[in-house]
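The primary structure of each chain is shown beneath.
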Amino acid sequence: MAFDKEKILSMCNAFSKNTLMETLEIEFIDAGEDFLVAKMPVNPRIHQPMGLLHGGATVALAESVGSAASMLFVNPEESEIRGIEISANHLRSKKEGIVFGTAKIIHKGRSLHLWEIKITDEEGKLISLCKLTNMVLQIKNKQ
């Protein structure tokens, strides 16, 4: 089956409707055989009290893009993805603009996927470095 970037981006953005991703205005913008990219605006809606990008919003972007990326490797009719561990090192603050989350696969097993997610700004400066472990669950008795 050929890789269809536009179909994947359309699917990921459709899954985001009526979820936290829509609330945070996360949009999936690029995909490849082993990566997925999403962007999120930085504005007062996702600031912490000091007027900076909230670390929780950054982690939400990382988990959103990493979990969606795991879906690229499974059949959604047969499997579901669950994030089971995430860690983040916040290296730089941001007040406004856009941040980009790029998930790249580190380990693709049958039951576990390990992702590195780099959160960068418009200039490519590293804002946060995250690691996400996803579990692949087989769907049982779909009714």
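Look up: the structure comes first, before these words.
Quantities reported herein were computed from a predicted structural model and do not represent experimental measurements.

**Q** Which residues make up the sheet that holds strand β4 (residues 97-108), and what are the values?
**A** Sheet strands line up and pair through hydrogen bonds in the backbone, either parallel or antiparallel. Sheet architecture is open: 6 strands sit in the order β1-β2-β4-β5-β6-β3, paired in antiparallel fashion. Of all strands in the sheet, those with a lone pairing partner are β1 (27-32) and β3 (79-90), marking the two edges. Here the average twist between neighbouring strands, direction ignored, is 25 degrees. When strand β5 (residues 112-120) meets strand β6 (residues 126-138), the two strands line up antiparallel, connected through 9 bridges.

**Q** Describe the nonpolar core, naming the residues involved and giving the relevant values.
**A** Core analysis: the biggest nonpolar cluster contains 29 residues, and F28, L36, M40, L53, V99, I117 and I119 have the highest contact counts within it. Among the secondary structure elements, those contributing two or more residues to this core are α1 (5-15), β1, β2 (35-42), α3 (55-71), β4, β5 and β6. When residues in this core are grouped by element, the largest group, 7 residues, is from α3. The residues touching L36, leaving out its near neighbours within four places in the chain, are I8, L9, C12, F28, D30, A31, V65, A68, A69, G101, T102 and A103.

**Q** Go over the packing of aromatic side chains with me, naming the residues and quoting the values.
**A** The description of two aromatic rings rests on the distance between their centres and on the angle between their planes. Under the counting rule described, the total for this entry stands at 1 aromatic pair. Consider the rings of F73 and W115, whose centres lie 5.9 Å apart with planes at 15 degrees: the pair is stacked. Placement of the pair is F73 in the loop between α3 and β3 and W115 in strand β5, with a sequence separation of 42 residues. The positively charged end of K108 is found above the aromatic ring belonging to F73, 4.5 Å away from the centroid.

**Q** Residue-level account of α1, with values.
**A** An α-helical turn contains 3.6 residues, so any two residues separated by three or four positions project in the same direction. Among all positions of α1, only I8, L9 and C12 are buried. Along the long axis of α1, the arc covered by the buried residues comes to 95 degrees, so they all point the same way. Of the exposed residues in α1, the ones pointing more than 90 degrees away from its buried face are E6 and K7. In this fold, the buried residues of α1 make contact with β1, β2 and α3.

Definitions and cut-offs
Residues numbered from 1 in each chain as written. Predicted model: local features only at pLDDT ≥ 70, side-chain atom pairs only at ≥ 80, totals over all residues. Heavy atoms only, no water. Pairing = 2+ DSSP bridges. Helix = DSSP H or I, 4+ residues; strand = E, 2+ residues; numbered from the N terminus. Axes fitted to C-alpha atoms, helices over the stretch in contact; angles between N-to-C directions. Core = buried A, V, L, I, M, F, W, Y, C linked by side-chain atoms within 4.5 Å. Buried < 20%, exposed > 50% of the residue type's maximum accessible area, 1.4 Å probe, protein only. Contact = heavy atoms within 4.5 Å. Phe/Tyr/Trp six-rings, centres within 6.5 Å; stacked < 30°, edge-to-face > 60°. Lys NZ or Arg CZ within 6 Å of the ring centre and 35° of its normal. Arc of directions from axis to C-beta.

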